[in-house]
Amino acid sequence: MTIRVPVKVRYAETDAMGVVHHSRYIPWLELARVEWLERLGLPYTEIEAQGLAFAVVEVNLKYRVPARFGDTVEVEARLSELSSRALRYDYRVWRGETLLAEGYSRHLCQNREGRATRIPPEILERLEGHLP
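On a predicted model such as this, the values are computed, not experimentally measured, just so you know.

Caption draft 1: Representation of the sheet that holds strand β3 (residues 72–82) within the structure. Spatial ordering of the open sheet is given by β1-β3-β4-β5-β2, a layout of 5 strands whose pairing is antiparallel. The open sheet has two free edges, formed respectively by β1 (2–8) and β2 (53–63), since each of these has just one partner strand. With direction set aside, neighbouring strand axes in the sheet form an average angle of 25°. Where β3 and strand β4 (residues 86–95) come together, 8 bridges link them in antiparallel fashion. Bridge assignment links Arg-78 to a residue of β4, and that residue is Asp-90. Docked against the sheet, helix α1 (residues 25–40) engages β1, β2, β3, β4 and β5 (98–110), running at close to 135° with respect to β1. On the sheet, helix α3 (residues 121–128) packs against β2, β3 and β4 and is oriented at approximately 115° with respect to β3.

Here's what the structure looks like:
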């Protein structure tokens, strides 16, 4: 399952050069990731209610073309890897037909104490059905 989430670029997200600052893309990826889970019928609040979190352990993003104030971009997200304790999402950021950035994030399932733990079978099963 691949989703796209629209984002209207705000002035506060731009730098002195008038383009979106590289650090502002990371919250957009999170927005798409959380929406991906929501559309799967697995709101992140339910994951947290079980005492779990998918902690970000790695983010990689390649910037190709800058986004600017006033642009509406779409952040595309899809689950690309899954194991008993970890997962990876791939992303692409588009403005129309123009690819602005692409990358991925890796996540480790953790309990309330911050220790790595297995993804519960019922969640793992739901996620498995949405791998490419």
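Caption draft 2: Looking closely at the packing of aromatic side chains. A complete count under the given rule lists 6 aromatic pairs for this structure. Ring plane angle 90° and centroid distance 5.4 Å describe the contact between Tyr-11 and Phe-69, whose orientation is recorded as edge-to-face. Highlighted residues: Tyr-11 in the loop between β1 and α1 and Phe-69 in the loop between β2 and β3, separated in sequence by 58 residues. When its relative accessible area of 61% is taken as the criterion, Tyr-11 is described as exposed. Grouping aromatic residues by their ring pairs yields a cluster made of Tyr-25, Trp-28 and Tyr-63. Directly above the ring of Tyr-104 sits Arg-88, whose terminal nitrogen or CZ lies 4.0 Å from the centroid.

Caption draft 3: Looking closely at the nonpolar core. Counting 33 residues, the largest nonpolar core has Tyr-25, Trp-28, Trp-36, Val-73, Val-93, Ile-123 and Leu-127 as the members making the most contacts within it. Where this core is concerned, the elements lending two or more residues are β1, α1, β2, β3, β4, β5 and α3. The element best represented in this core is α1, accounting for 7 residues. If we skip the residues at most four places from it in the chain, Tyr-25 touches Val-20, Leu-61, Tyr-63, Val-65, Pro-66, Ala-67, Val-93 and Ala-101.

Caption draft 4: Representation of a nonpolar patch on the surface in the model. Together, Ile-26, Val-56 and Val-59 line one region of the surface with nonpolar side chains, adding up to about 210 Å² of accessible area. Structurally, Val-56 can be placed in strand β2. A relative accessible area of 45% means that Val-56 is categorised as partly exposed.

Caption draft 5: Region of the structure containing the environment of Gly-70. Tracing the chain through its elements places Gly-70 in the loop between β2 and β3. Along the primary structure Gly-70 and Leu-52 are separated by 18 residues, whereas in three dimensions their C-alpha atoms are 37 Å apart. Beyond its immediate sequence surroundings of up to four residues, Gly-70 is in contact with Lys-8 and Val-9.

Caption draft 6: Representation of the pairing of β1. Here β1 shows one buried face, formed by Ile-3, Val-5 and Val-7, and one open face, formed by Thr-2, Arg-4, Pro-6 and Lys-8. As paired strands, β1 and β3 are joined by 7 bridges and run antiparallel to one another. In the sheet register, Arg-4 faces β3, and the bridge partner there is Glu-76.

Caption draft 7: Quick peek at the pattern of salt bridges. For the coordinates displayed, the defined rule picks out 13 salt bridges. For Arg-64, the salt bridge identified is with Glu-102, shortest N-O distance 2.4 Å. Of this pair, Arg-64 sits in the loop between β2 and β3 while Glu-102 sits in strand β5, and the two are 38 residues apart along the sequence. The class for Glu-102 is partly exposed, based on a relative accessible area of 25%. Of the charged contacts, one joins Arg-78 and Asp-90 as a salt bridge, the two residues approaching to 3.3 Å between their closest N and O atoms. With Arg-78 in strand β3 and Asp-90 in strand β4, the pair connects residues that are 12 residues apart, well separated along the chain. The exposure class assigned to Arg-78 is partly exposed, which follows from its relative accessible area of 27%. Of the residues examined, Asp-90 reaches a relative accessible area of 16% and is grouped as buried. Counted as one network, the salt bridges with shared partners bring together Glu-58, Arg-78, Glu-81, Arg-88, Asp-90 and Arg-106.

Thresholds applied
Residues numbered from 1 in each chain as written. Predicted model: local features only at pLDDT ≥ 70, side-chain atom pairs only at ≥ 80, totals over all residues. Heavy atoms only, no water. Pairing = 2+ DSSP bridges. Helix = DSSP H or I, 4+ residues; strand = E, 2+ residues; numbered from the N terminus. Axes fitted to C-alpha atoms, helices over the stretch in contact; angles between N-to-C directions. Contact = heavy atoms within 4.5 Å. Phe/Tyr/Trp six-rings, centres within 6.5 Å; stacked < 30°, edge-to-face > 60°. Buried < 20%, exposed > 50% of the residue type's maximum accessible area, 1.4 Å probe, protein only. Lys NZ or Arg CZ within 6 Å of the ring centre and 35° of its normal. Core = buried A, V, L, I, M, F, W, Y, C linked by side-chain atoms within 4.5 Å. Patch = residues over 30% accessible without salt bridge, like charges linked within 9 Å, V, L, I, M, F, W, Y side chains within 5 Å. Areas by Shrake-Rupley, 256 points an atom, 1.4 Å probe, with all protein chains shown as cover. Salt bridge = Lys/Arg side-chain N within 4 Å of Asp/Glu carboxyl O.

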